[in-house]
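# A structural walkthrough
Below are the chains, spelled out letter by letter.
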Amino acid sequence: LVARIERVSKACLSDPGRTRDGAAYLLARLLTRPDMEDDTLVRFLQWSDATLRETTNTFLGTGIYSTLANIFKHGQRQSMLDKVPLALSILSRDRDE
């Protein structure tokens, strides 16, 4: 069930409307659950990094960045600390390009 929710939400991140915002929020709430933070969240961050390198779709990029913002807004501080370096590498890579 979780994999299906994640797959559908990722597909909706490239929509230009409110669907993207809902998908970003849903993904953030799903990925910041205590049982998802170590494995599923790290995979999402890696997917985000790889997707942002490959895509030219600005709507998808906006959806990914919105999801990242929501993840760090809703996640527990202690559990997010070890994910910060990966998130910063995603954000700083885009500034350098």
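From a predicted model like this one, the values you see are computed outputs, not experimental measurements. (Residues numbered from 1 in each chain as written. Predicted model: local features only at pLDDT ≥ 70, side-chain atom pairs only at ≥ 80, totals over all residues. Heavy atoms only, no water.)

## A short note on the side chain of E6
Definition in use: Numbered from the N terminus, helices here are DSSP runs of H or I no shorter than four residues, and strands are runs of E no shorter than two. Working rule for contacts: check all heavy atoms of both residues, and any pair within 4.5 Å makes them a contact.
Turning to its location among the elements, E6 is positioned in helix 1 (residues 2-12). Beyond its immediate chain neighbours, meaning those up to four positions away, E6 contacts L27, L30, T40 and F44.

## What to know about a nonpolar patch on the surface
Selection criterion: Note that patches include only residues with greater than 30% relative accessible area and no salt bridge, and the join distances are 9 Å for like charges and 5 Å for nonpolar side chains (Val, Leu, Ile, Met, Phe, Trp, Tyr). Per-residue and other accessible areas follow the Shrake-Rupley method at a 1.4 Å probe size, with only the shown protein chains counted as cover for residues. What makes a salt bridge here is a side-chain nitrogen of Lys or Arg within 4 Å of a carboxyl oxygen of Asp or Glu, nothing more.
Taken together, the side chains of Y65, L88 and L91 present a nonpolar region at the surface, about 260 Å² in accessible area. Tracing the backbone shows Y65 in helix 4 (residues 58-74).

## Quick word on helix 1
For clarity, the threshold we go by: Here the term buried applies to any residue with accessible area under 20% of the maximum for its type, exposed to any over 50%, and partly exposed to those in between, with areas from a 1.4 Å probe on protein chains only. In this description, one arc is meant: the one made by directions from the helix axis to the C-beta atoms.
Among the residues making up helix 1, those that are buried are E6, S9 and K10. The buried side chains of helix 1 occupy one side of the element, clustering within an arc of 100° when seen end-on. Away from the buried face of helix 1 by more than 90 degrees, exposed residues R4, R7 and A11 are located.

## A closer look at helix 2 (residues 18-31)
As a reminder, the rule being used: Multiplying 1.5 Å by the helix residue count minus one yields the expected span of that helix.
If you check helix 2, its first and last C-alpha atoms are 20 Å apart, about what 14 residues at 1.5 Å a residue would give, namely 20 Å. Looking only at helix 2, the buried set comprises R20, A23, A24, L27, A28, L30 and L31. Taken end-on, helix 2 shows its buried residues confined to a sector of 165°, consistent with a single buried face. Buried residues in helix 2 make contact with helix 1, helix 3 (40-54) and helix 4.

## Here's the deal with the packing of helix 3 against helix 4
Note the following rule: To get an axis, fit a line to the C-alpha atoms, keeping to the stretch in contact for a helix; angles then go from 0 to 180 degrees between the N-to-C directions. With respect to orientation, any angle under 35 degrees is reported as roughly parallel, any angle over 145 as roughly antiparallel, any angle of 65 to 115 as roughly perpendicular, and every other angle as oblique. Left-handed describes a crossing in which the near helix is turned anticlockwise from the far one by less than a right angle; the clockwise case is right-handed. Three residue categories are used. Nonpolar comprises Ala, Val, Leu, Ile, Met, Phe, Trp, Tyr, Cys and Pro, charged comprises Asp, Glu, Lys and Arg, and polar comprises the others, including Gly.
Remark: helix 3 packs on helix 4, axes separated minimally by 11 Å, with the N-to-C direction vectors making an angle of 150°. Taken as axis vectors, helix 3 and helix 4 run roughly antiparallel relative to one another. Of the two elements, helix 3 crosses helix 4, and the hand of that crossing is left-handed. For the pair helix 3 and helix 4, the contacting residues are L41, F44, L45, W47, S48, T51 and L52 in the first and L60, G61, I64, Y65, T67, L68 and I71 in the second. Here the contact of helix 3 with helix 4 is built from residues that sort into 10 nonpolar, 4 polar and no charged.

## A word on the environment of S66
You can see S66 is positioned in helix 4. Between the C-alpha atom of S66 and that of R20, which follows or precedes it by 46 residues, the distance is 8.8 Å.

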